[in-house]
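Okay, here's what each chain looks like letter by letter:
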Amino acid sequence: MDNATFRSNTVLSDVHLHCPNKRHLMVRLNTVGQPVFLSYFKLLWNTEDSSSEKDVREATTEREHPYGGGDVLCDKDGNNLKNERETNIEGVEALLDDDGDLEVVRRPRSASDLEAEDLLRDRVYPVILMKGGEDAFEEEQGGTCSDVVKIEHTMATPLEDVGKQVWRAAFLLADYILFQRDTFRCCSVLELGGGTGITSIIMGMVAKRVYCTDVGEDLLAMCEQNVALNKHLMEPGRGEVKVKELDWLKDEFCTDPEAPYSWSEEEIADLHDHCTVIMAADVFYDDDLTDALFRTLYRITHNLRNSCTVYIALEKRLNFTLRHMDVTCEAYSHFRNTLNDLENLQDGKMKYTVEPIKLDFCQFLVYERIEQLQRGGSGCVISFKVKKQSPLL
């Protein structure tokens, strides 16, 4: 005990907590003893289902403030309430104590008051899934098979296992895919750092073939399970999602037939011959991995037969650092610098151009589009479209 070690690298994603009044079913423990939960995410296809960001925000506001928000009263007798409030203000002085403080008389809180308050709060119920429970839960959701995405995930992990959680940027990229369905229809797609696979699953609803890649046998097994759970979303004869290993720290694809999730020579050839879209969501949190990702990105695009478009979405996570004595986001800054280097690359073979994507597209999944996902006053553009053009002549 002379050399005690303290660890504080547990990472928690709050996406699953932004599902009001939904239960998350614990289905099993994974190979390293982490609880695995099953969550259902409903796709909002039309405006009546709050398919836009504004509608989702208004629905949340209405749930938290039943009588409206801001300075507007939504009560039928709103004008009378406003006049009554103004009258009460005139008599405030009568309620002040000797020191000039407002003296408020409170009545004792009863058990019924506490119950009423609890009804206004959104609850998250971790429930162990029993035999037959999954069907009951699906009926409770009120959604049909065609508009529900089922995802197995963890809720808290060490930093090296963050791919097992669900992150906001994955939802943001999924929204863009659904909004631009015609753009991705019948494409061949590669996802880097696919994690639980939710973005690849959404892409599989419109694309011809998706290679969802990451590292770690346990994570890839979870991803493959999620793909199997959502086969109902993909059109027959199309929308194939293949889960494969792709380690950014290695220079080659894993082709060992004995290794799980390895690549065949035919699959590598298919990727190089037909891939026109590459995507990644929330994969920038470590500078070394960021460098490795861009090296992998360069190597793959260099070997593609066709020009391609790379879509990147990430959340800018701000932290206070002692080195700067200020709130910064060093991982994001390193990402932007590396991206600028890629755009300025002049090797006579390829040209990359970066185009910010406007984030005014509809919202098809319920999550918080927080400021760190969008362009803020500091000019942080979280979603990029990177085009690889034909070789320079």
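Not measured: the values here are computed from a predicted model. Along each chain, residues carry numbers from 1 onward, in the same order as the chain's sequence is written. Local features in this predicted model are restricted to residues of pLDDT 70 or higher, and side-chain atom pairs are both shown and tallied only at a pLDDT of 80 or more, whereas totals for entire chains, interfaces and linings draw on every residue. Only hydrogens and water are set aside; all other atoms, that is, all heavy atoms of the structure, feed into the side-chain values.

Let's talk about the packing of helix α10 (residues 287-303) against helix α11 (residues 330-343)
Here is step 1 of the chain: In this analysis an axis means a line fitted to C-alpha atoms, helices contributing only their contacting stretch, and an angle means the value between N-to-C directions, from 0 to 180 degrees. Per the convention used, a helix needs a DSSP run of H or I reaching at least four residues, while a strand needs a run of E reaching at least two, with both numbered from the N terminus. Running from amino to carboxyl end, α10 crosses α11 at an angle of 25 degrees, the nearest separation of the two axes being 10 Å. Accordingly, the angle class assigned to the pair α10 and α11 is roughly parallel. Along this stretch, α10 crosses α11, giving a crossing that reads as right-handed. Packed against α10, whose contacting residues are D287, T290, D291, F294 and L297, the element α11 presents E330, A331, H334, F335, T338, L339 and L342 at the interface.
Here is step 2 of the chain: Residues were grouped as follows: Ala, Val, Leu, Ile, Met, Phe, Trp, Tyr, Cys and Pro as nonpolar; Asp, Glu, Lys and Arg as charged; and all remaining residues, including Gly, as polar. For the contact of α10 with α11, the per-class residue count stands at six nonpolar, three polar and three charged. Here roughly perpendicular refers to angles of 65 to 115 degrees, roughly parallel to angles under 35, roughly antiparallel to angles over 145, and oblique to all remaining angles. Crossing handedness is defined as follows: a turn of the near helix away from the far one that is anticlockwise and smaller than a right angle gives a left-handed crossing, while the clockwise case is right-handed. Whether two residues are in contact is decided by their heavy atoms: any pair within 4.5 Å suffices.

A few points about the pattern of salt bridges
Here is step 1 of the chain: A pairing counts as a salt bridge when a side-chain nitrogen of Lys or Arg comes within 4 Å of a carboxyl oxygen of Asp or Glu. Inspection of the entire model under this criterion finds 13 salt bridges.
Here is step 2 of the chain: Close ionic contact of K242 with E267 constitutes a salt bridge, the shortest N to O distance being 3.4 Å. Of this pair, K242 sits in strand β9 (residues 240-245) while E267 sits in helix α9 (residues 265-274); the two residues are 25 residues apart in sequence, bridging distant segments of the chain.
Here is step 3 of the chain: Relative accessible area decides the class of each residue, using a 1.4 Å probe on protein chains only: under 20% of the type maximum gives buried, over 50% gives exposed, and in between gives partly exposed. Judged by its relative accessible area of 22%, K242 is partly exposed.
Here is step 4 of the chain: In the salt-bridge network here, residues are joined through shared partners; they are R209, E240, K242, K244, E267 and D270.

Observations regarding the side chain of R168
Here is step 1 of the chain: By secondary structure assignment, the location of R168 is in helix α5 (residues 168-179).
Here is step 2 of the chain: For R168, a relative accessible area of 10% corresponds to the buried category.
Here is step 3 of the chain: In contact with R168, not counting residues within four places along its chain, are D14, V15, D282, E315, Y367, E368, I370 and L373.

Looking at unusual backbone geometry
Here is step 1 of the chain: Here C186, not a glycine, exhibits a phi torsion of approximately 65 degrees, which is positive.
Here is step 2 of the chain: Note on placement: C186 falls in the loop between α6 (181-184) and β7 (188-191).
Here is step 3 of the chain: Under the relative-accessibility criterion, C186 is labelled partly exposed at 47%.
Here is step 4 of the chain: Unusually for a residue other than glycine, D282 sits at a positive phi of about 55 degrees.
Here is step 5 of the chain: Looking at where D282 falls in the secondary structure, it is placed in the loop between β10 (275-281) and α10.
Here is step 6 of the chain: Assessed through its relative accessible area of 12%, D282 is described here as buried.

What to know about the pairing of strand β3 (residues 35-42)
Here is step 1 of the chain: The element β3 is largely enclosed, with a buried count of six among its eight residues.
Here is step 2 of the chain: When DSSP locates at least two bridges between a pair of strands, those strands are taken to pair. Examined bridge by bridge, β3 and strand β5 (residues 148-153) share six bridges and lie antiparallel to one another. Within β5, the position partnered with Y40 by the bridge is K150.

Focus: the confidence of the model for the protein
Here is step 1 of the chain: Predictor confidence is given residue by residue as pLDDT, running from a minimum of 0 to a maximum of 100. Of the residues in the protein, 62% have a pLDDT of 70 or more, and the chain-wide mean is 76.
Here is step 2 of the chain: Averaged pLDDT values over the elements of the protein bottom out at 44 in helix α1 (residues 53-64) and peak at 98 in strand β8 (residues 209-214).
Here is step 3 of the chain: Contacts for the low-pLDDT stretch residues 47-53, under 50 throughout, to residues beyond four places or in other chains number 19 contacts.
Here is step 4 of the chain: Of the regions scoring below 50 in pLDDT, residues 55-78 engages in 20 contacts with residues more than four places distant in sequence or in other chains.

Some remarks on the packing of aromatic side chains
Here is step 1 of the chain: In this analysis, rings of Phe, Tyr and Trp, with Trp reduced to its six-membered ring, are considered paired at centre separations within 6.5 Å, and the interplanar angle assigns stacked below 30 degrees, edge-to-face beyond 60, and tilted for intermediate values. One pass over the structure, following the stated rule, counts 14 aromatic pairs.
Here is step 2 of the chain: Aromatic side chains Y176 and Y311 sit 5.6 Å apart centroid to centroid with 45 degrees between the ring planes, which places their arrangement in the tilted category. With a gap of 135 residues between them, Y176 in helix α5 and Y311 in strand β11 (residues 308-313) connect regions that are remote in the sequence.
Here is step 3 of the chain: Its relative accessible area of 10% is what places Y176 among the buried residues.
Here is step 4 of the chain: Owing to a relative accessible area of 6%, Y311 belongs among the buried residues under this scheme.
Here is step 5 of the chain: Site record: aromatic cluster; members linked through ring pairs are Y176, F179, F184, Y311 and F361.

Digging into α5
Here is step 1 of the chain: Between its first and last C-alpha atoms α5 spans 17 Å; for 12 residues at 1.5 Å apiece the expected length is 16 Å, and the two agree.
Here is step 2 of the chain: Across the 12 residues of α5, 11 count as buried, placing the element largely inside the fold.
Here is step 3 of the chain: Here α5 has its buried residues at R168, A169, A170, F171, L172, L173, A174, D175, Y176, I177 and L178.
Here is step 4 of the chain: Lining the buried residues of α5 we find β3, α6, α7 (198-204), β10 and β11. Every helix has an expected span of 1.5 Å times one less than the residues it contains.

Side note on the state of the cysteines
Here is step 1 of the chain: Criterion for a disulfide: a pair of cysteine sulfur atoms within 2.5 Å. Applying the stated rule across the entire model yields zero disulfides.
Here is step 2 of the chain: Free cysteine C223: the closest other cysteine sulfur is in C212, separated by 3.5 Å.
Here is step 3 of the chain: Of the residues examined, C223 reaches a relative accessible area of 1% and is grouped as buried.
Here is step 4 of the chain: Counting only cysteine sulfurs, C308 is the nearest neighbor of C275, a cysteine outside any disulfide, at a range of 6.1 Å.
Here is step 5 of the chain: We classify C275 as buried; its relative accessible area is 0%.

Quick look at the side chain of T290
Here is step 1 of the chain: Note on placement: T290 falls in helix α10.
Here is step 2 of the chain: In contact with T290, not counting residues within four places along its chain, are F284, H334, F335 and T338.

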